[in-house]
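Okay, here's what each chain looks like letter by letter:
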Amino acid sequence: MSDRAVLRVTGRVLVGPEDVRDELWVVGGRITFDRPAGARDVRTVQGWALPGLVDAHCHVGLDRHGAVDDATSEKQARGDRDAGALLLRDAGSAADTRWIDGREDLPKIIRAGRHIARTRRYIRNYAHEIEPADLVSYVAQEARRGDGWVKLVGDWIDRDAGDLTACWPRAEVEAAIAEAHRLGARVTAHCFAEAALRDLVEAGIDCVEHATGLTEDTVPLFAERGVAIVPTLVNIATFPALAAGGQEKFPRWSAHMNRLYERRYDTVRAAYDAGIPVFVGTDAGGGLAHGLVAGEVAELTKAGIPPLEALSATTWRARAWLGRPALEEGAPGDLVVYDEDPRADVRVLAAPRRIVLDGHVVG
C-alpha cells in the first residue's frame, strides 16, 4: 500500500455535534469506520477531528485588480487549506481555476462562475458587466460553467444617486433565477443594502452574501422562504475604512456604510434567531487574505450565535447545504485535527494540529 493508503485517526472524531467516535480510518483516500484487514505501515494521527472546514464565500483567482496567474491562485488555495478550509464555495472569479481539481493537496472548490454585474456597477475587471436585457442569457452561461451556483451583484453604489441602489429590475431577476433553477443551479447575490433584498427573495433567490441590509421587514421573509445568508463579518469589518475613503465624494453612501457596519452583529443575530440559515464565509480574495475561516467563526459567536451552531456553520451543516459529505463512510478523507475540543472553544480552530486531504497529511 502507498503511504497514503491507510491512515488511522484516533482520539475524538466529531462525526456530528453529538456523534463522537473513537477512531476512523482512511483507506485509499476514503473514510471507513471498519478496521482494514491486513493493513501495514499505518500512520496514526491523534486529537479532536472535524470534517474539513468550509469557507462558503471566497474568491480563488482574484486580487484587487482582477484575475491572477496560476501561481497566485495556488498560494491563495494553500492559505485556505493551511487554515483548515478544505471545501470552498468560490463566489465568483474571473480566473479559470479548474486545474486545481486535479490536485489532491489543494482544497475542493464549488464554483459560481464569474460575477454578473450591471455595467459600471462593480469592481473593475471582476464581472461580466451587462444590462438587464442580457441577464437571463448570462445567468444561463454561468450556470453551465459553474458547479451548481451563479453569482449576481444585487446592489452597488449608484454614482448618480450617491448611494447603494438595486442593480436589476424585478422582472429580469425573476426570469434569470427561473432559468438558473431550470438548469439545476442555485443563485446567490452580493447585497450590502436594503433596497434589493425583497425583490431578490420573492424572485426565488437561494442565498444572499453579506446581507447587512436585513431589517425587521425582510428577516421574516428570508426565514419563510429559507433563504440562506453568508455574513462575511471579517469583510464587513472593512466598512469604516471604505466609508472614510468615500466620505467627501459620496457622503450618503459613506454614512449608509457606517450604519450597516454598526448594526452588523444585531443583524446577524436577528437572522439566526428568526431561523435563517447562516453559514461561514470570509470573502477572501480581492482585498482580503485567504485563511480567515477561524476568525469568521469567532465573529459569528460575537454576534451571539451559540458556539456549537457557529462551528456547525463551517462543518456539518455547511457541507450538507453544499451537498458534500462530512465524516461519513466512503466519503473523501478530508479532515482537520485539533489538540482540544473545538465545541468548547471555537478559538481552537485557529491552530489546526494536522490537515488531511484525500488521506494525505498535508499540514
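In every chain, residue numbers begin from 1 and rise along the written sequence. Since the coordinates come from a predicted model, pLDDT governs what is reported: local features require at least 70, and pairs of side-chain atoms require 80 or more to be given and counted, while whole-chain, interface and lining totals use all residues. Note that the side-chain values use all heavy atoms of the structure and ignore hydrogens as well as water.

1. Remarks on the overall build of the protein chain
Stage number 1. Helix and strand counts for the protein chain stand at twelve helices and 20 strands.
Stage number 2. The C-alpha radius of gyration computed for the protein chain amounts to 21 Å, which stays within 12% of the reference 21 Å derived for 363 residues, consistent with globular compactness.
Stage number 3. Reported as C-alpha extents along the three principal axes, the dimensions of the protein chain are approximately 70 × 40 × 35 Å.
Stage number 4. Residue burial is assigned from relative accessible area. The probe radius is 1.4 Å, only protein chains are included, and a residue is buried under 20% of its type maximum, exposed over 50%, and partly exposed in between. Among the 363 residues that make up the protein chain, the fraction classed as buried is 55%. By the criteria applied, helices consist of DSSP H or I runs no shorter than four residues and strands consist of E runs no shorter than two, each listed in order from the N terminus. Two things to know: the radius of gyration comes from C-alpha atoms, and the globule rule equals 2.2 Å times the number of residues to the power 0.38.

2. With respect to the confidence of the model for the protein chain
Stage number 1. Looking at the protein chain, pLDDT values average 96 and 99% of them are 70 or higher.
Stage number 2. When mean pLDDT is compared element by element in the protein chain, strand S16 (residues 228–230) scores highest at 99, while strand S17 (residues 284–286) scores lowest at 93. Residue-level confidence of the predictor is what pLDDT reports, using numbers from 0 through 100.

3. Quick word on helix H8 (residues 251–262)
Within an α-helix, residues lying three or four positions from one another point in the same direction, as the helix has 3.6 residues per turn.
Stage number 1. A helix's residues, less one, multiplied by 1.5 Å, set its expected span. An ideal rise of 1.5 Å per residue puts 16 Å on twelve residues; H8 measures up with 17 Å between its terminal C-alpha atoms.
Stage number 2. Along H8, the positions that sit buried rather than exposed are Trp253, Ser254, His256, Met257 and Leu260. All buried residues of H8 lie within an arc of 165 degrees about the axis, which places them on one face of the element. Opposite the buried face of H8, by more than 90 degrees, sit the exposed residues Arg252 and Glu262.
Stage number 3. Residue contacts follow a heavy-atom distance rule, with two residues in contact if any of their heavy atoms lie within 4.5 Å. Each element contacted by the buried residues of H8 is listed here: strand S12 (155–158), strand S13 (163–166), helix H7 (239–246) and helix H9 (264–274). Our arc is simply the arc of the directions from the helix axis toward the C-beta atoms.

4. Observations concerning the packing of aromatic side chains
Stage number 1. Each Phe, Tyr or Trp ring (for Trp, its six-membered ring) is paired with any other whose centre lies within 6.5 Å, and the angle between the two planes then decides the class: stacked below 30 degrees, edge-to-face above 60, tilted in between. The final tally for this structure, using the stated rule, is six aromatic pairs.
Stage number 2. With 6.1 Å between their ring centres and 75 degrees between their planes, Tyr122 and Tyr126 make a pair best called edge-to-face.
Stage number 3. Its relative accessible area of 13% is what places Tyr122 among the buried residues.
Stage number 4. With relative accessibility at 5%, the residue Tyr126 sits in the buried group.
Stage number 5. Grouping aromatic residues by their ring pairs yields a cluster made of Tyr122, Tyr126, Trp156, Phe192 and Phe239.
Stage number 6. A cation sits over an aromatic face here: Arg264 above Tyr261, 3.9 Å from the ring centre. Geometrically, a charge over a ring is one whose NZ (Lys) or CZ (Arg) sits within 6 Å of the ring centre while staying within 35 degrees of the ring normal.

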